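Chain residues, written in single-letter form:
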Amino acid sequence: MMSSTRSFLARTLMWVGIACAATSLAPSRAGAEALLVIEAESGRVLFAQNAGYPWYPASVTKLMTAYVTLRAVKEGRLNLDTPLVVSSNAVAQSPVKMGFGVGTVVTVDNALKMLMVKSANDMAVVLAEGVAGSIENFADEMNANARRLGMVQSSFVNPNGLPADDQISSARDLAILARALIRELPEYDYYWHLPGIRMGKMVRWNYNTLIGRYPGADGMKTGFICASGFNLVASATRNGRRLIAVVLGAPSSAARAMKAAQLLERGFNSNTPLSWFAAPFGTVESLQPVAAAPPNLREDMCGGHRKRPATEDEDDVVANNNPESPYAVFLASLRPAKAKGAAPLQQLGEPVLVYTGTKPPAAGSQATTDSKPEKKKSAAVKPAAAKDKDNAASASEPTAAKPKRKATADKVGAKDSAASTVAPGDSGATARKPKAAAPKESTKDGGSATAAASGDGMPAKPKPKAPKPPPMTITPAPE
């Protein structure tokens, strides 16, 4: 009897200790993270930490932008081939962006692809204005849908997630949104797991580095601003079971990828014989919202103490420049063959073609914009880099150049992209000469979204084959 009583007391003290430890996980320090993993079908929570705390969503906002846009398509208010015009308001958005000039035409389909892969802030405005007429009207639709879905902690004032005090969500709400995208719009699931986009010679890979590497990864969206840290909503499927992981406030893009992979591994292993031992969390809707101000991670993310400014494209910088870095090792170590029931990764490896206008470019030609090419080449002017602009990049401005002078290119670090913008009307092409073919000249626009067709009468060079991201495997974190 005494032994039984002691055993009962020991178990009670153990659960009290776990409860106390859980309450101590509140984000009392600036670097705290919010973590969540749920089942997409049932909404059952498999693990949660700070999931009810409000957070700045950054570019993860674009999941709601895509949701509102695709619901409008499903309701017949527009279709994927509907042409949308780039406005001066879209051009004025902070990088990262495609950089098309005012008046450029982009279809809903291409705008969505650029939005989801490159996280283009100008394309978010193009979609918002195309669906609702203005950013303000579109924000009203975003908030109406958030309330309908039960996203009680979310408020939106813009479609791209650029810094705004009232642009707020939480891991709980973002998991609810991701689940709605999967369940309500299965015919558009394609957009969540695009590995990359290709426009002319430009190739941009998805910032969600789990896609094409982590076994079964099939979505969704990354985000970063200084105040939020590195955010990621990721989904993966194995043996017909789809999970959604949310990571908010990670200290780097590498850390958020590893955290998400560990959460997914923990979720997929949750049906083991010992999984009954874990404390139950209920469903995602039952997670309690916390009444608090969102943590501001600006000093941690973008303070002067950092050797390198936090940027969304630091994945490539770290992995390529230091192959022995923890993240490079992480990428190289993932082996998809070990994941039973995972979606075949070879189907996710090629970037998809995007273009301006309403028709794809002719075979063998480079993608062009609707803007007329200038007769003189433009040289990009390097402005000061901006912080806290959701993967800030530099904007290019046209300057007159001598006929034989080569254009210069911007090489400015980007947040949430490494791309620069293209000046309005500049497609990067030289004027077409009426007679004999001259030696081909080209301009570089620092990773611009456009590349011009050659205008010298010579046959176009074959396009270089885009490199595929390396496969990788994940080991679950110790619980």
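Definitions and limits used
- Every chain begins its residue count from 1, and numbering advances along the sequence as written.
- Where totals are concerned, whole chains, interfaces and linings use all residues; where local detail is concerned, this predicted model gives features only for residues with pLDDT of at least 70, and gives and counts side-chain atom pairs only at 80 or more.
- As a convention, hydrogens and water are excluded, and side-chain values are obtained from all of the structure's heavy atoms.
- Being paired, for any two strands, means DSSP has found at least two bridges between them.
- Numbered from the N terminus, helices here are DSSP runs of H or I no shorter than four residues, and strands are runs of E no shorter than two.
- As a rule, the C-alpha atoms of each element are fitted with a line to give its axis, helices using only the stretch in contact, and angles between N-to-C directions run from 0 to 180 degrees.
- Contacts are assigned to residue pairs that have any heavy atoms within 4.5 Å of one another.
- For every residue, the predictor assigns a confidence score, pLDDT, that lies between 0 and 100.
- By nonpolar core is meant a set of buried Ala, Val, Leu, Ile, Met, Phe, Trp, Tyr and Cys residues that side-chain atoms within 4.5 Å join together.
- Throughout, exposure labels follow a simple rule: accessible area from a 1.4 Å probe, protein chains only, divided by the maximum for the residue type, with under 20% read as buried, over 50% as exposed, and the rest as partly exposed.

A. Expanded view of the sheet that holds strand β10 (residues 229–238). If you trace the 5 strands from one edge of the open sheet to the other, you get β2-β1-β11-β10-β9, paired in antiparallel fashion. The open sheet terminates on both sides in strands that have one partner only, identified here as β2 (45–49) and β9 (217–225). Adjacent strand axes in the sheet meet at a mean angle of 5°, parallel and antiparallel pairs treated alike. Of the pairings in the sheet, the one linking strand β1 (residues 34–39) to β2 comprises 4 bridges and is antiparallel in character. By the bridge assignment, Val 37 is partnered in β2 with Phe 47.

B. Layout of the sheet that holds strand β12 (residues 352–353). Ordered in space as β8-β7-β12, the 3 strands form an open sheet in which the pairing is mixed. Since the sheet does not close on itself, it has two edges, and those belong to β8 (202–205) and β12, each with one partner. Against the sheet, helix α4 (residues 108–118) touches β7 (196–199), β8 and β12, its axis set at about 125° to β7.

C. Focus on the confidence of the model for the chain. Across the chain, pLDDT averages 74, with 59% of residues at or above 70. Note that pLDDT drops below 50 for residues 473–479; the model gives that stretch 15 contacts with residues more than four away or on any other chain.

D. Representation of the nonpolar core. With 100 residues, the main nonpolar core has Leu 36, Met 64, Met 114, Met 123, Leu 210 and Val 233 as its most contacted residues. Considering each element in turn, this core owes the most residues, 9 residues, to helix α7 (residues 171–184). Residues Tyr 56, Ile 168, Ile 225 and Ala 227 belong to the second largest nonpolar core, which totals 5 residues.

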